[in-house]
Amino acid sequence: MLNALFRTRLAALFYSLFRGSRRKKPLSPLAKIGAGLLAIYVIGCMFWLFGMMWESMCEPLYRLDLAWLYFAIVGLTAVALSFVGSVFTAQKQIFSAKDNDLLLSMPIPPGAIIASRVGMLLLLGYMFEAAVVLPAAFVWCYSLPVSFAGAAIFTVAFLLLPLVPLTLSCIFGWIIEAVSSRLPRGKNMLAVLLSVAFLAAYFIVYSRIQEYIGLLIANGAAVGEAVAKAAPPFFWLGDAIVSKSAPSLILFALFCILPFALTLFVISKSFLAIATRRVSGTKRTYRAEAMKAESADRALFKKELSHFLSNAMYMLNAGIGLVMLLIGCVAYIVKREDVFAAFGAFSLPEADMPALLCVVQCFILSMVYISAPSISLEGKNLWISQSIPVPTYAILRAKVRLHSFSALPFSLVSSAALILVSGARGLMVPVMLALPALLCHLVAQLGVIINLRFPKFDWTSEVVAVKQSMAVIVAMLVNWGVLLLPVFIYIALPGGALTPSVYMALWTLAFIPANIGLARVLRGWGVKTFEELNS
Amino acid sequence: MLKIEGLTKAYGNKKAVDNLSLHIQKGEIYGFIGHNGAGKTTTLKSCAGILRFDAGEIFIDGISIKQDPIACKKRIAYIPDNPDLYEFLSGVKYLNFIADVYGVGKAEREARIAKYAALFELTGDLAQPVNAYSHGMKQKLALIAALIHAPSLMVMDEPFVGLDPIAAHALKGIMHEICASGGAIFFSTHVLEVAEKLCDRIAIIRQGRLVIAGPTDEVRGNSSLENVFLELEGENA
């Protein structure tokens, strides 16, 4: 039974990634190659980032006779990344999945339902852990002598480790569900604020990572002592690998397995109560008030906005670029000199710094994908949009507008800040205002078009449409392509052929017909495709 | 009111509806009966302008749904077999959204929401989010939303499923009201007793093809609708 449930969840994951519900057939080989290349690129970037970090601390800690601390830090990092990556997914997949009622109606013990979902989350945990641990293993093998026993213990320990973030995710997911079902108002904003705070903390830590690594190596013994005292399981992890200590490995294994088993047991027992609880115990009684008639366009936009604001997961994932943009701008204003020093790696004259900042700003804006899952999110409600007496283009336009109107204020505010602080002059000023703004609208239109090509309506949780659908992956890839192509063209141009400001002005002008062209695609192909969609 | 001429719709190689023709007059309650997968929902969705069809024509008040879908949609209201509504909106926000897209004025929407919400005993729940509604409550909300623009044609797929007896009785009254004021009702049902008592005319469809259509008394003859349906199914099996 568990096997069948797990296979179903696995099939759902692969189906969500590689099949669209409209065509009911697998992706073409070309699309699969594209998806594969994208996966290799993303994995490569993560390996490179973590590899650089591990490389800077592996050998120095070994020399300080603190090799165990290296593995402890790798373990802590893997736990943090896996936890952040899976906490909201855990809540949605375990407690808020749409097929909970169906499965609970079948002769399946709640424990088996939980186990199948937790199994999927464990798989997700291994993926997150691999991004951290595989580069660490590579750096370890490359920098230091590795024995067979050490490698075997390393493997066992890191196979057990994802149980720790999984336990934390299940507990936090459970708390989020229990609390949010009692807090119907404002819970999404709370989740967003907490996530933004976490992200800000992450950026602060990440921007100072080299400083911290330096401090870590300089004060290795004291840090090691502190870690061993504050987080003994991670001392056991490192000690088991370095000293080949069986007691340390057993203690670490118990630390991973026992809380996990206990959590699984408790959640299984309360699953029925939580999964079948109504949204709120406090019922609001309707009192007739004067109503306001609005235009169809405004009603459609407000509907899209309500959907966006009702789902913290959608806001956080699709709008993460906006948060990053704000944090980046504040960091730039506060730490202007550091940012200039960091950009020194590009060997650009200071006069070209505004152009580089504008490209970075556009890159961050291209990560906003509010419109990319907007068609899929219609789900079973597609019939409403298709049966109302409004032009189909108005429905698509409302989705584009939600994206554009959400991103434009962030784009303009960040542009103004960058212009003021970077000292941009002349042609660069209008370019820095217009290019990101036009990009926002372009990305908004592209998102809808791509989602029309790769719609997905058979999701059981909106997480699938927002985070795991082909439309979102393709949209991100295309958005980066839209941005990187002009950059590569500029690099390929003979030196001094065009100044950055002139080149970017031409780029800005090119975005105008591109936007008009995409609007025409939406009016023609987009309208026809939407009308032929069938949920 | 509603004229379906040679409607044909295929999914891949399978014809869901094959050359179907029906004519629903003003003032008629028209029942549409068939086994599961017979093509009822495909026909109703085509009439509602949700589904593009391969051949044939559908006219609402003489207007082609292919040529002018928006004018047709303004005249009709569609209720699907499952009341999947926007769960992120409250009941009253959903009704206001529908009223806005149908261009219903402030006074009319206030009056109609008050009237139908009271009739379906949903007034007190309108402030609740739709995701807190039961299936029956969603069905009632879908019905109120369908009635908010005073449609002249209602196209309904199994409208009585999930409704409590009071709401079902209220819906039957509304169906008669619409017909009395010159509108028409076209609905599918598996409850043959309801169809027998409620409908002026009945059509039976099997494997996408019309088997029989006509006034309820003629279709039924001296037997019950259930017997006629079972006999027809047996003959065509």
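Residues numbered from 1 in each chain as written. Chains lettered and ligands numbered in written order. Predicted model: local features only at pLDDT ≥ 70, side-chain atom pairs only at ≥ 80, totals over all residues. Heavy atoms only, no water.

Comments concerning the overall build of chain B
A count of helices and strands for chain B gives nine helices and ten strands. Over its C-alpha trace chain B gives a radius of gyration of 18 Å, about what one expects of a compact globule, namely 18 Å for 237 residues. With 237 residues in all, chain B has 57% of them scored as buried. Counting only contacts in chain B whose residues sit at least 6 apart along the sequence, the fraction spanning at least 24 positions is 66%. Each charge class in chain B can be summarised by its mean position, and for the 25 positive and 28 negative side chains these summaries are 6 Å apart. (Helix = DSSP H or I, 4+ residues; strand = E, 2+ residues; numbered from the N terminus. Rg over C-alpha atoms; globule rule 2.2 N^0.38 Å. Buried < 20%, exposed > 50% of the residue type's maximum accessible area, 1.4 Å probe, protein only. Contact = heavy atoms within 4.5 Å. Lys, Arg positive; Asp, Glu negative; His and termini not counted. Charge placed at Lys NZ, Arg CZ, Asp CG, Glu CD.)

Some thoughts on the domain arrangement of chain A
Many authors give the size of an interface as the accessible area that is lost as the parts come together. Split into domains, chain A comes out as domain 1 (2-9 + 38-275) and domain 2 (296-532). The C-alpha-based centres of domain 1 of chain A and domain 2 of chain A are spaced at 32 Å. (Domains from an automatic or database assignment.)

As for the sheet that holds strand S2 (residues 14-24) of chain B
Residues and elements named next belong to chain B. The strand order S2-S1-S4-S5 describes an open sheet built from four strands, whose pairing is antiparallel. Edge positions in the sheet fall to S2 and strand S5 (63-64), since each of these pairs with one other strand and no more. Direction of pairing for strand S4 (residues 55-60) relative to S5: antiparallel, over a ladder of two bridges. In the sheet register, Phe-59 faces S5, and the bridge partner there is Ser-64. Its contacts with the sheet put helix H1 (residues 40-47) on strand S1 (2-11), S2 and S4, and the angle it makes with S1 is roughly 120°. (Pairing = 2+ DSSP bridges. Axes fitted to C-alpha atoms, helices over the stretch in contact; angles between N-to-C directions.)

Side note on the pattern of salt bridges
Residue and element names in this part refer to chain B. With the rule as written, the count across this model stands at 27 salt bridges over all chains. One salt bridge connects Asp-18 with Lys-15, and the closest N-O pair in it is separated by 3.7 Å. Overall, the relative accessible area of 44% leaves Lys-15 in the partly exposed class. (Salt bridge = Lys/Arg side-chain N within 4 Å of Asp/Glu carboxyl O.)

Some points on the interface of chain B and chain A
Facing 41 residues of chain B, the contacting portion of chain A comprises 36 residues. Roughly 3,400 Å² is buried in total at the junction of chain B and chain A, and carbon and sulfur atoms are behind 61% of that figure. Sorting the residues of chain B by area buried against chain A places B:Arg52, B:Tyr86 and B:Phe88 first, and these three jointly supply 19% of that buried surface. At the boundary of chain B with chain A, the tally comes to two salt bridges. The partner of A:Glu531 in a salt bridge is B:Arg52, with the nearest N and O atoms 2.4 Å apart. Between chain B and chain A we count nine residue pairs in polar contact (both at pLDDT 80 or more) in total. For the side of chain B that touches chain A, the secondary structure elements donating two or more residues are helix H2 (69-75), helix H3 (91-101) and helix H4 (106-119) of chain B. The biggest single contributor to the side of chain B that touches chain A is H3(B), with seven residues. (Buried area = accessible area lost by both parts, 1.4 Å probe. Polar contact = N/O pair within 3.5 Å; in protein donor to acceptor, adjacent residues only side chain to side chain.)

Some points on the nonpolar core
Side chains that are nonpolar tend, in soluble globular proteins, to be buried together. Ranked by internal contacts, the top residues of the largest apolar core, which has 180 residues, are A:Ile388, B:Tyr94, B:Leu126 and B:Phe186. The biggest single contributor to this core is helix H20 (residues 428-453) of chain A, with 14 residues. Ignoring sequence-local partners within four residues, the contact set of A:Ile388 consists of A:Leu300, A:Ile395, B:Lys73, B:Phe97, B:Ile98, B:Val101 and B:Tyr102. Listed in part, the 61 residues of the second largest apolar core include A:Ile73, A:Trp140, A:Val227 and A:Leu249. (Core = buried A, V, L, I, M, F, W, Y, C linked by side-chain atoms within 4.5 Å.)

Overview of the sheet that holds strand S3 (residues 29-34) of chain B
Residue and element names in this part refer to chain B. Spatially, S6-S7-S8-S3-S9-S10 is the arrangement adopted by the six strands of the open sheet, whose pairing is mixed. Of all strands in the sheet, those bounded by a partner on one side alone are strand S6 (76-79) and strand S10 (209-215). Strand-to-strand, the axes of this sheet are offset by a mean angle of 15°, without reference to chain direction. Strand direction decides the pairing type here: S3 and strand S9 (residues 201-206), joined by five bridges, are parallel. Among the inter-strand pairings, Gly-34 is bridged to a residue of S9, identified as Ile-205. In the packing of helix H5 (residues 135-147) onto the sheet, contacts are made with S6 and strand S7 (153-157), and the angle to S6 comes to roughly 170°.

Looking at a nonpolar patch on the surface
All names here are of chain A. Taken together, the side chains of Leu-427, Val-502, Leu-506, Leu-509, Ile-512 and Ile-516 define a hydrophobic patch exposed on the protein surface, amounting to about 500 Å² of accessible area. Its place among the elements puts Val-502 in helix H23 (residues 500-532). Judged by relative accessible area, Val-502 falls into the partly exposed class, the value being 33%. (Patch = residues over 30% accessible without salt bridge, like charges linked within 9 Å, V, L, I, M, F, W, Y side chains within 5 Å. Areas by Shrake-Rupley, 256 points an atom, 1.4 Å probe, with all protein chains shown as cover.)

Considering the packing of aromatic side chains
Residues and elements named next belong to chain A. Under the counting rule described, the total for this entry stands at 26 aromatic pairs over all chains. When the ring of Phe-71 is compared with that of Phe-154, the centres are 5.9 Å apart and the planes differ by 70°; the resulting orientation is edge-to-face. Note that Phe-71 is positioned in helix H3 (residues 67-95) and Phe-154 in helix H6 (residues 148-160), a separation of 83 residues in sequence. Assigned by exposure class, Phe-71 and Phe-154 land together as buried. Taken together, the aromatic side chains of Phe-50, Trp-54, Tyr-70, Phe-71, Trp-140, Phe-154 and Phe-158 make up a single cluster linked through ring pairs. Over the ring of Phe-454 we find Arg-453, and its NZ or CZ is 4.9 Å from the ring centre. (Phe/Tyr/Trp six-rings, centres within 6.5 Å; stacked < 30°, edge-to-face > 60°. Lys NZ or Arg CZ within 6 Å of the ring centre and 35° of its normal.)

With respect to the side chain of A:Ser374
Here A:Ser374 shows up in the loop between helix H17 (353-365) and helix H18 (382-387). With residues up to four places along the chain from it excluded, the contact list for A:Ser374 reads A:Tyr314, A:Lys399, A:Val448 and A:Asn451.

Brief notes about the packing of H6(A) against helix H11 (residues 232-243) of chain A
All names here are of chain A. Orientation of H6 relative to H11, taken along the N-to-C sense of each, is 155°, at an axis distance of 7 Å. Classed by the angle they form, the pair H6 and H11 counts as roughly antiparallel. Facing H6, whose interface residues are Gly-150, Ile-153, Phe-154, Ala-157 and Phe-158, H11 presents Leu-237, Ala-240 and Ile-241. In the contact of H6 with H11, the residues fall into seven nonpolar, one polar and no charged. (Parallel < 35°, antiparallel > 145°, perpendicular 65-115°, else oblique. Nonpolar A, V, L, I, M, F, W, Y, C, P; charged D, E, K, R; others polar.)

Description of the pairing of S4(B)
Bridging between S1(B) and S4(B) involves five bridges; their strand directions are antiparallel. Paired with B:Thr8 across the strands is B:Ala55, a residue of S4(B).

Description of helix H2 (residues 29-63) of chain A
Residue and element names in this part refer to chain A. With 35 residues, H2 should cover 51 Å at 1.5 Å per step; its first-to-last C-alpha distance of 49 Å lies within 8% of that length. Among the residues of H2, Ala-35, Leu-38, Phe-50, Gly-51, Met-53, Trp-54, Met-57, Cys-58, Pro-60 and Leu-61 are the ones counted as buried. Positive backbone phi, approximately 65°, marks Asp-65, located one or two places after H2. (Expected span 1.5 Å × (residues − 1).)

What about unusual backbone geometry?
All names here are of chain B. Within the chain, Asp-61 stands out as a residue other than glycine whose phi angle is a positive 55°. On the secondary structure map, Asp-61 appears in the loop between S4 and S5. With phi around 50°, Glu-158 is a residue other than glycine that occupies positive phi space.

Structural notes on the side chain of B:Glu57
Residues and elements named next belong to chain B. Summarising the element assignment, Glu-57 is placed in strand S4. An unpaired buried charge is present at Glu-57: no salt bridge exists, and Lys-66, the closest side chain of opposite charge, is 5.3 Å distant. At 2.9 Å, the side chain of Glu-57 and the side chain of Ser-64 are in polar contact. What Glu-57 contacts, discounting residues up to four positions off in sequence, is Lys-3, Ile-4, Glu-5, Ser-64, Ile-65, Lys-66 and Gln-67.

Re the packing of helix H19 (residues 392-422) of chain A against H23(A)
Residues and elements named next belong to chain A. Relative to each other, H19 and H23 sit at 115°, their axes nearing to 9 Å. In this view, H19 runs roughly perpendicular relative to H23, as classed from their interaxial angle. Pair H19 / H23 crosses with right-handed handedness. Counted together, Thr-392, Tyr-393, Ile-395, Leu-396 and Val-400 of H19 and Ala-519, Leu-522, Arg-523, Gly-526, Val-527, Phe-530 and Glu-531 of H23 form the full contact between these two elements. Considering only residue class, the contact of H19 with H23 consists of eight nonpolar, two polar and two charged. (Left-handed = near helix turned anticlockwise from the far one by under 90°.)

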